[in-house]
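Each chain is listed here by its residues.
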Amino acid sequence: MTEVDITAPAEQFFSAQTREALAEASRRLAERLQAHTDALLAMTGAEEQSALYEQNAALEELVEGWNDAVFEHTGTAPLLLEDSVDDEDDEEAEQDQVISVVSRFDLRVVDLDALLDAGRAAQERHPAEVDDGGEDEPVDSAEQAIYEISREVGEAWFELPGIEMVAGARAYVVPELPFEPLDADAEDVVTELIAPNGVATHAETWA
């Protein structure tokens, strides 16, 4: 049993209120423990793992409540439970440093034919992976041509045939907590292309 030093006056403990709270917590824990046991015994292993986690979480919550009720009544904690808050803090402290690089380039098309030719050539050299029976997207627009060229050579904003750069900017940001990472699977990726809250360490601009 884990004992906690009682520094407050003894009158703080063993009151009618804490006695009633402990009795109620014990009753609820006993009912939950029996229900938990019945649920586990009924399982065959074919259930989804989430069902087991839900049962465990429900029991864990009542165990913590019962442990707190004992402490409120006696000043001692029968169970040495892990501090989930401290665990979360440790996990955050151990995370790798994150740098967010956000950029935008505005481009003006001055020679569409040259751009389309370059895009089609890039697509032929590096065809995209498509589903069975599918075909590459036809390069018949400026944006498709830029996409194909970028797939082949990366960020080629300064060397795109038939393109004149209007303006460009890039910022390097050290995010601050709480940090929402980029969701690459978001339905609207455009909304993800913003700098996170944090400190901008470097910036570049072109015009």
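Computed from a prediction, not measured in an experiment: that's the story for all the values here.

1. Observations regarding the sheet that holds strand β2 (residues 163–175)
Then, number 1: One open sheet holds the three strands; their spatial order is β1-β2-β3, and the pairing between them is antiparallel. A strand with exactly one partner marks an edge of an open sheet, and here the two such strands are β1 (100–109) and β3 (198–206). If you compare each strand with its neighbour and ignore which way they point, the axes differ by 10° on average.
Then, number 2: Alignment of β1 against β2, held across ten bridges, turns out to be antiparallel. By the bridge assignment for β2, F105 is matched with G168.

2. Here's the deal with the confidence of the model for the protein chain
One rule of thumb: low pLDDT means the predicted coordinates there are not for detailed reading.
Then, number 1: The predicted model of the protein chain averages 82 in pLDDT, with 85% of residues at 70 or higher.
Then, number 2: This stretch, residues 1–8, has a pLDDT under 50; its non-local contacts, to residues over four places away or in other chains, come to 13 contacts.

3. Comments concerning the pattern of salt bridges
Then, number 1: Going through the model one piece at a time under the given rule, you end up with nine salt bridges.
Then, number 2: Its salt-bridge partner being R104, residue D106 comes within 3.1 Å of it at the nearest N-O pair.
Then, number 3: Using a relative accessible area of 57% as the deciding quantity, one classes R104 as exposed.
Then, number 4: Here R120 ties to D117 by a salt bridge, and the two come within 3.8 Å at their closest N and O atoms. Here R120 and its partner D117 are both found in helix α4 (residues 112–125), three residues apart, which amounts to about one turn of the helix.

4. Comments concerning the side chain of T74
Then, number 1: When you line up the elements, T74 lands in helix α2 (residues 49–74).
Then, number 2: Look at T74 and you get buried, because its relative accessible area is 17%.
Then, number 3: A distance of 2.8 Å separates the side chain of T74 from the side chain of T76, its partner in a polar contact.

5. A closer look at helix α5 (residues 142–153)
Then, number 1: With twelve residues, α5 should cover 16 Å at 1.5 Å per step; its first-to-last C-alpha distance of 17 Å lies within 8% of that length.
Then, number 2: Looking only at α5, the buried set comprises A142, Q144, A145, I146, E148, I149 and S150.
Then, number 3: Where α5 is buried, its residues contact β1, α4 and β2.
Then, number 4: Positioned one or two residues after α5, G154 has a phi angle of 85°, which is positive.

6. Topic: the packing of aromatic side chains
Then, number 1: Within the structure shown, the criterion is met by four aromatic pairs.
Then, number 2: Both rings, one in F105 and one in W157, keep their centres 5.2 Å apart while their planes meet at 25°; by these two values the pair is stacked. Separated by 52 residues along the polypeptide, F105 in strand β1 and W157 in the loop between α5 and β2 bring together distant segments of the chain. The burial state of F105 is the same as that of W157; both residues are buried.

7. Considerations on the packing of helix α1 (residues 16–42) against α2
Then, number 1: Two elements in contact, α1 and α2, have axes separated by 9 Å at closest approach and are oriented at 160°. Taken together, the axes of α1 and α2 are roughly antiparallel relative to one another. Seen from above, α1 lies across α2 with left-handed handedness.
Then, number 2: Tallied by class, the residues present in the contact of α1 with α2 amount to 16 nonpolar, seven polar and four charged.

8. Side note on the nonpolar core
Then, number 1: Counting 15 residues, the largest nonpolar core has L115, A145, I146, I149, W157, L160 and I163 as the members making the most contacts within it.
Then, number 2: Taken together, the elements giving at least two residues each to this core come down to α4, α5 and β2.
Then, number 3: Setting aside its immediate chain neighbours within four residues, I163 contacts L107, R108, V109, V110, L115 and I146.

9. Things to note about the packing of α4 against α5
Then, number 1: Closest axis-to-axis distance for the α4/α5 pair is 8 Å, and the angle between their directions is 45°. The pairing of α4 with α5 is recorded here as oblique in orientation. Seen along the crossing, α4 lies across α5 with a hand that is left-handed. Two secondary-structure elements touch here, α4 through L112, L115, L116, A118, G119, A122, Q123 and R125 and α5 through A142, Q144, A145, I146, E148, I149 and E152.

10. Looking at the environment of V102
Then, number 1: Within the secondary structure, V102 is located in strand β1.
Then, number 2: As a C-alpha pair, V102 and I194 span 92 residues in sequence and 6.8 Å in three-dimensional space.
Then, number 3: The contacts of V102, once residues within four sequence positions are left out, are A169, R170, A171, L193, I194, A195 and P196.

Cut-offs used in this document
- Residues numbered from 1 in each chain as written.
- Predicted model: local features only at pLDDT ≥ 70, side-chain atom pairs only at ≥ 80, totals over all residues.
- Heavy atoms only, no water.
- Pairing = 2+ DSSP bridges.
- Helix = DSSP H or I, 4+ residues; strand = E, 2+ residues; numbered from the N terminus.
- Axes fitted to C-alpha atoms, helices over the stretch in contact; angles between N-to-C directions.
- pLDDT = per-residue confidence, 0-100.
- Contact = heavy atoms within 4.5 Å.
- Salt bridge = Lys/Arg side-chain N within 4 Å of Asp/Glu carboxyl O.
- Buried < 20%, exposed > 50% of the residue type's maximum accessible area, 1.4 Å probe, protein only.
- Polar contact = N/O pair within 3.5 Å; in protein donor to acceptor, adjacent residues only side chain to side chain.
- Expected span 1.5 Å × (residues − 1).
- Phe/Tyr/Trp six-rings, centres within 6.5 Å; stacked < 30°, edge-to-face > 60°.
- Parallel < 35°, antiparallel > 145°, perpendicular 65-115°, else oblique.
- Left-handed = near helix turned anticlockwise from the far one by under 90°.
- Nonpolar A, V, L, I, M, F, W, Y, C, P; charged D, E, K, R; others polar.
- Core = buried A, V, L, I, M, F, W, Y, C linked by side-chain atoms within 4.5 Å.

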